[in-house]
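# Structural features, examined
Below are the chains, spelled out letter by letter.
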Amino acid sequence: MLIIPIKDGENIDRALKRYKRKFDKTGTLRQLRSRKNFTKPSITKRAQLQKAQYVQGLRDAVEI
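Note that the structure is a prediction, hence the values are computed from the model and not measured.

### Remarks on helix α1 (residues 12–26)
- Compared with the 21 Å implied by 1.5 Å per residue over 15 residues, the 21 Å span of α1 between its first and last C-alpha is a close match.
- Taken from the residues just after α1, Gly27 is the one with a positive phi, measuring 75°.

### Some words on the packing of aromatic side chains
- Applying the stated criterion across every chain yields a total of 1 aromatic pair.
- Seen from their ring centres, Tyr19 and Phe23 are 6.2 Å apart, and the 25° between their planes marks the pair as stacked. You can see Tyr19 and its partner Phe23 sitting in helix α1, 4 residues apart, about one turn around the helix.
- Taking relative accessible area as the criterion, Phe23 reaches 25% and is therefore assigned partly exposed.

### Let's talk about the confidence of the model for the protein
- Put simply, the protein has an average pLDDT of 91, and 100% of its residues get 70 or more.
- Across the protein, helix α3 (residues 41–63) holds the top mean pLDDT of 95, while helix α2 (residues 28–36) sits lowest at 89.

Criteria and thresholds
- Residues numbered from 1 in each chain as written.
- Predicted model: local features only at pLDDT ≥ 70, side-chain atom pairs only at ≥ 80, totals over all residues.
- Heavy atoms only, no water.
- Helix = DSSP H or I, 4+ residues; strand = E, 2+ residues; numbered from the N terminus.
- Expected span 1.5 Å × (residues − 1).
- Phe/Tyr/Trp six-rings, centres within 6.5 Å; stacked < 30°, edge-to-face > 60°.
- Buried < 20%, exposed > 50% of the residue type's maximum accessible area, 1.4 Å probe, protein only.
- pLDDT = per-residue confidence, 0-100.

Structure follows, in C-alpha cells:
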C-alpha cells in the first residue's frame, strides 16, 4: 500500500501527481497485467531466444 504524506497547505493535485508517479515506479499495474494470464516457462524461454536471435541479426547486419 502506498502512503503519500500531504503537507499542510499542499495542493491536492500535486499530491495526486506524486501518488501517480510513485505508483508507476512500483510497477504494480505491470505486475497485475502479467499475472492475468499464465504463460508456460517454455513459451517464455522461446520468446527470449527469438528476441536474442533478432537482436543478434540486427547487430550482424550493422557489422557487415
